[in-house]
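Report on the structure
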Amino acid sequence: MGSGHGDSILFIYVNPDGYAYLCPGQKIKSRNIPMSKYNDYSTLAQVAIRSAANAFVSDNRLSQEWQALRFHAKPDLAEANAEYARFRALLCAPGTEIIDLAEAEELTIDSIYTRASILVSPGGLILCNMGRASRTPEATINASAYQTLGHKIAGQIEAPGTL
């Protein structure tokens, strides 16, 4: 988004009937079907994203965080919001469910990159211990949202392990 880095797509897996899903996400009928493979290239059926507005919050927050978080330049909030709207529109294909992740005070502007905080496994979600300490709250905050949608937690990467 804007002048930042990374992507905003979470996890994709393909179940045996050939449909792809991004997790975590809304409760879907076939979510409990065992997965035959995991990939980042199949057709999207479900995606969880955090908007630029919910991740960047304000120009003041961007000013406080962008350098410490090693962004190449300070994102322009208006530009990031417009870019996000175009990005979201691209994801709105027929059959694709979008899960909008909320803002949280404990998160940094890095929270726009929702993909890395949780891994998907056949046994459930694995909460990651992010390599950057400022990202540590992301997995727990995102997991809370996913648990309300019926996703179970299979485990957690704990220190000294990181992702």
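Residues numbered from 1 in each chain as written. Predicted model: local features only at pLDDT ≥ 70, side-chain atom pairs only at ≥ 80, totals over all residues. Heavy atoms only, no water.

**Some details on the side chain of Ser-111**
Keep this limit in mind: Each helix is a run of DSSP H or I of at least 4 residues and each strand a run of E of at least 2, with the numbering of both proceeding from the N terminus. The contact criterion used throughout is that any non-hydrogen atoms of two residues lie within 4.5 Å.
Structurally, Ser-111 can be placed in the loop between strand S5 (97-101) and strand S6 (118-121). Excluding its chain neighbours within four sequence positions, the residues that come into contact with Ser-111 are Arg-50, Ala-55 and Glu-138.

**Comments concerning the pairing of strand S7 (residues 124-127)**
Formally: For two strands to count as paired, DSSP must find a minimum of two bridges between them.
Summarising the sheet, S6 and S7 pair through four bridges and their orientation is antiparallel. Across the sheet, the residue bridging to Ile-118 is Leu-127, located in S7. Connecting S6 to the antiparallel partner S7 that follows it, the hairpin turn spans two residues. For S7 and strand S8 (residues 153-156), the ladder comprises three bridges, and the chain directions are parallel. Paired with Leu-125 across the two strands is Ile-153, which belongs to S8.

**Quick notes on the packing of aromatic side chains**
When we look at a pair of aromatic rings, we describe it by the centre distance and by the angle of the planes. Definition in use: Here is the rule: rings of Phe, Tyr and Trp (six-membered ring for Trp) pair when centre to centre is within 6.5 Å. Planes less than 30 degrees apart are stacked, more than 60 are edge-to-face, and the remainder are tilted. For the exposure calls, accessible area comes from a 1.4 Å probe over protein chains only, and a residue counts as buried if that area is under 20% of its type's maximum, exposed if over 50%, partly exposed in between.
Enumeration according to the criterion identifies three aromatic pairs in this entry. When the ring of Phe-56 is compared with that of Phe-71, the centres are 6.5 Å apart and the planes differ by 70 degrees; the resulting orientation is edge-to-face. Taken together, the residues Phe-56 in helix H1 (residues 52-56) and Phe-71 in the loop between helix H2 (59-65) and helix H3 (77-91) connect sequence positions 15 residues apart. Phe-71 matches Phe-56 in its accessibility class, with the two residues each being buried. Plain terms: the ring middles of Tyr-84 and Phe-87 are 6.4 Å apart, the flat faces sit at 45 degrees to each other, and that makes the pair tilted. Within this pair, Tyr-84 and its partner Phe-87 are both found in helix H3, separated by three residues, close to a single helical turn. An identical accessibility class is assigned to Tyr-84 and Phe-87; each is buried. The rings of Phe-56, Phe-71 and Tyr-113 are connected pair by pair, giving a single aromatic cluster.

**A short note on unusual backbone geometry**
Look at the link from Ala-159 to Pro-160: it is a cis peptide, with omega at 10 degrees. On the secondary structure map, Pro-160 appears in the segment after S8. Phi at Val-57 takes a positive value of approximately 65 degrees, unusual for a residue other than glycine. By secondary structure assignment, the location of Val-57 is in the loop between H1 and H2. Looking at Val-57, the relative accessible area reads 32%, which means it is partly exposed. Of note, Arg-70 is a non-glycine position whose phi angle comes to about 65 degrees, a positive value. Inspection of the secondary structure assignment puts Arg-70 in the loop between H2 and H3.

**Here we look at the side chain of Thr-114**
Keep this limit in mind: N or O atoms within 3.5 Å of each other form a polar contact, as long as, within protein, one can give a hydrogen and the other can take it, and as long as residues adjacent in sequence are counted only when both atoms are side-chain atoms.
Structurally, Thr-114 can be placed in the loop between S5 and S6. The exposure class assigned to Thr-114 is buried, which follows from its relative accessible area of 0%. A distance of 3.3 Å separates a polar side-chain atom of Thr-114 from the backbone oxygen of Ala-48.

**Let's talk about the environment of Tyr-146**
Secondary-structure assignment places Tyr-146 in helix H4 (residues 136-148). With a relative accessible area of 0%, Tyr-146 lands in the buried category. Placed 98 residues apart in sequence, Tyr-146 and Ala-48 show a C-alpha to C-alpha distance of 9.5 Å.

No statement about biological role is implied by the geometric values presented.
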